[in-house]
Amino acid sequence: MNNPITLVVDDEPDIRELLEITLNRMDIRTCCADSVESARRLLAKQSFDLCLTDMRLPDGDGLELVDYIQEKGLTLPVAVITAHGSMDAAIKAMKKGAFDFLAKPVDLNALRQLVGNALHVSHQRVALRERRTRDTLLGDSDLMCGIRSKIEKVARNQAPIYISGESGSGKELVAKLIHQQSPRADKPFVAINCGAIPHELMESEFFGHKKGSFTGAIADKQGFFQAAHGGTLFLDEVADLPLALQVKLLRAIQEKKVRPVGAYDEVAVDVRLLSATHKDLARMVQDGSFRQDLYYRINVIELNLPPLRKRVEDIAQITHFLLQRLAKNNGITPPDLSNSALDALKRYAFPGNVRELENILERALALHEGRMIDAGDLDLSVCPSAGDLPALTATADVSVSVDDYDADKMSLESYLEDIEKKALTAALEENRWNKTAAAKQLGMTFRSFRYRLKKLGLE
């Protein structure tokens, strides 16, 4: 779990330094501001677990920050630091919603106890936002801090949210976090992959059906909307919905009612709708494959997730977490990652984003030898570096052109897999199907080469 982070607001450098040193020794990160305005800017930019603020500041006082945090609906505890004997100010701060107060000169033991109590109170929220699980967005880059801040803000209202981003960028994780931080957190979270449902079953799956309404309907069945009643319904790959169902979905959202297949009466449903896709939904509206009215209905708030290649500074942290978890799942000691391996990952384009990074590390964990994963163990020899298509080491003529790629006919992952197959096959043919020689020509270990052949169905 990431260490908690505290916003320290004081215009006296000595006090800020004292608080910083004390908190850092408690394994608590700090971020400092010297005025009300600078504190507001930091609160708007990122999330904090605690705020320690002086009562008297150059452009206002700590009570203004207490008011600001309350008005913005932020849940972090606030403790104010008052002059010795200023009990009236401390009481006023508590009435406004401050968690506690400290008197100057600051007693370090009292500070430690206050901080411990405050973080204990907010432990559930801290664990939710920062814990290292599949349901948490990792990364301390400005982009991800901004995303987490937005998640906390949008989680508090009921507006439909459209989550856009490339495959593997964490759209479902974001949806879960929005649900878990919302007032609906104790109600169901129902996640649906719209592209995985046969078209002829979609209406029944979404809205339910009555017994006998069609062949095979041997009992009444709840649909996704009824299952998510009171909670959150997440429609992943919403772009894959056929137009006929889009019409019925729009009506269900507007009327907050659904009609099960074979039923005469409608059923009232209360769901918070989240949707996502890796496709360009706006372009689909323009070409008529997605209804414009539904698009505007589900896209009240848009949350765009950046691809991993746009936040390279997060790769080291994410890689460390994934290796730790994968090693634990396999009952082995987590290996170290060499500097050359980390550099290789940072140069890689990651068309599959975090999901692809996990696959790469899982493969490396299975194939590496010794206690260190090196660049060669990552098997990126036929993968694209950031900003480039693959540079193949085989000497056979395997032509690669960006103009060959048609996003409407083939996913990027499939396209790259096809390139890899051609490279491996070319190397095998040049070496008369001698796998050891082919692996050497491609700069791969034999075990890694065998693994790729098996995965691509070439063995």
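Just above sits the structure.
Below or above, wherever it landed, is the structure these notes cover. (Residues numbered from 1 in each chain as written. Predicted model: local features only at pLDDT ≥ 70, side-chain atom pairs only at ≥ 80, totals over all residues. Heavy atoms only, no water.)

Quick look at the packing of aromatic side chains now. Following the criterion strictly, the structure yields seven aromatic pairs and no others. Measuring from ring centre to ring centre gives 5.3 Å for F206 and F224, while their planes differ by 75°; the resulting arrangement is edge-to-face. Here F206 is found in helix α9 (residues 202-207), whereas its partner F224 is found in helix α10 (residues 224-227), with 18 residues between them in sequence. As far as the burial class goes, F206 and F224 line up, both buried. (Phe/Tyr/Trp six-rings, centres within 6.5 Å; stacked < 30°, edge-to-face > 60°. Helix = DSSP H or I, 4+ residues; strand = E, 2+ residues; numbered from the N terminus. Buried < 20%, exposed > 50% of the residue type's maximum accessible area, 1.4 Å probe, protein only.)

Let's shift gears to the environment of F321. Within the element layout of this structure, F321 appears in helix α14 (residues 315-329). Judged by relative accessible area, which is 10%, F321 ranks as buried. In this structure, the C-alpha to C-alpha distance between F321 and E358, residues 37 residues apart in sequence, is 10.0 Å.

When the terminal C-alpha atoms of helix α16 (residues 353-367) are compared, their 21 Å separation across 15 residues agrees well with the 21 Å that a helix rising 1.5 Å per residue should span. Those residues of α16 that are buried lie in contact with α14, α15 (339-347), β16 (372-373) and α19 (446-455). (Expected span 1.5 Å × (residues − 1). Contact = heavy atoms within 4.5 Å.)

The parallel open sheet is built from five strands, whose spatial order is β2-β1-β3-β6-β7. Each edge of the sheet is formed by a strand with only one pairing partner; in this case those strands are β2 (29-33) and β7 (100-103). Taking the axes of each pair of neighbouring strands and ignoring which way they run, one obtains an average angle of 20° across the sheet. Contacts from helix α1 (residues 13-25) reach β1 (5-9), β2, β3 (50-54) and β6 (78-82) within the one sheet, and its direction differs from that of β2 by about 165°. On the sheet, helix α2 (residues 36-45) packs against β1 and β2 and is oriented at approximately 135° with respect to β2. (Pairing = 2+ DSSP bridges. Axes fitted to C-alpha atoms, helices over the stretch in contact; angles between N-to-C directions.)

Among the nonpolar cores identified, the biggest contains 31 residues, and F206, F225, L233, L235, L281 and F290 are the most heavily contacted of them. Secondary structure elements with two or more residues in this core: β9 (189-193), α9, α10, β10 (232-236), α11 (243-255), α12 (281-286) and α13 (292-298). The biggest single contributor to this core is α11, with five residues. If we skip the residues at most four places from it in the chain, L281 touches Y162, V238, A239, F290, Y295 and I298. Formed by 24 residues, the second largest nonpolar core is a distinct cluster that contains C31, F48, Y68 and L74. (Core = buried A, V, L, I, M, F, W, Y, C linked by side-chain atoms within 4.5 Å.)

With that settled, consider empty space enclosed by the protein. Picture a little ball the size of a water molecule; that probe, rolled over the atoms, points out where space is still empty. Enumeration over the complete set of coordinates arrives at one cavity of 30 Å³ or more. In this structure, the largest cavity spans a volume of roughly 100 Å³. Lining the largest cavity are eleven residues, with Q46, S47, F48, L74 and E152 positioned closest to its centre. Here the lining of the largest cavity gets three residues from one element, more than from any other, and that element is helix α7 (residues 142-154). Here the lining of the largest cavity is built from residues that sort into four nonpolar, four polar and three charged. (1 Å grid on protein atoms, 1.4 Å probe; cavity = no way out; pocket = protein on both sides within 12 Å on 5 of 7 lines; lining within 4 Å. Points joined across faces, edges and corners; volume = space filled by probe spheres on them. Nonpolar A, V, L, I, M, F, W, Y, C, P; charged D, E, K, R; others polar.)

When you tally the buried positions in β10, you get five out of five residues, the bulk of the element. Residues of β10 alternate between two faces, with T232, F234 and D236 on one and L233 and L235 on the opposite face, all of them buried. With five bridges connecting them, β9 and β10 associate as parallel partners. Each residue of the ladder has a partner; that of F189, found in β10, is T232. As paired elements, β10 and strand β13 (residues 272-277) share five bridges and run parallel to each other. Its bridge partner being in β13, D236 is matched across the sheet by A276.

Okay, the packing of α14 against α15 next. Remark: α14 packs on α15, axes separated minimally by 10 Å, with the N-to-C direction vectors making an angle of 115°. Judged by the twist between their axes, the crossing of α14 over α15 is right-handed. When α14 is examined against α15, the residues I315, A316 and T319 are found in contact with a partner set consisting of L342, L345 and K346. For the contact of α14 with α15, the class distribution of residues is four nonpolar, one polar and one charged. (Left-handed = near helix turned anticlockwise from the far one by under 90°.)

Turning our eyes to something else, we now look at unusual backbone geometry. The peptide bond linking K104 to P105 adopts the cis configuration, its omega dihedral lying at -5°. You can see P105 is positioned in the loop between β7 and α5 (108-121). Even without glycine at this site, D27 takes up a positive phi of about 65°. Tracing the backbone shows D27 in the loop between α1 and β2. Positive phi, close to 55°, is recorded for N353, a residue that is not glycine.

Let us look at α14. Here α14 contains 15 residues, and its C-alpha end-to-end distance of 21 Å stays within 8% of the 21 Å for a straight helix at 1.5 Å per residue. Of all the residues in α14, the buried ones are I315, I318, T319, F321, L322, L323, R325, L326 and A327. In this structure, the buried residues of α14 make contact with β15 (336-337), α15, α16 and β16. Looking one or two residues past α14, G331 carries a phi angle of roughly 65°, positive in sign.

Attention now moves to the pattern of salt bridges. Within the structure shown, the criterion is met by 16 salt bridges. Ionic pairing is found between K104 and D54, a salt bridge with its closest N-O pair at 3.2 Å. Remark: D54 occurs in strand β3 and K104 occurs in the loop between β7 and α5; sequence separation between them is 50 residues. Classification of K104 by relative accessible area gives buried; the value is 17%. In this structure, E266 and R259 form a salt bridge, with 3.8 Å as the shortest nitrogen-oxygen distance. Given the relative accessible area of 38%, R259 is considered partly exposed. (Salt bridge = Lys/Arg side-chain N within 4 Å of Asp/Glu carboxyl O.)

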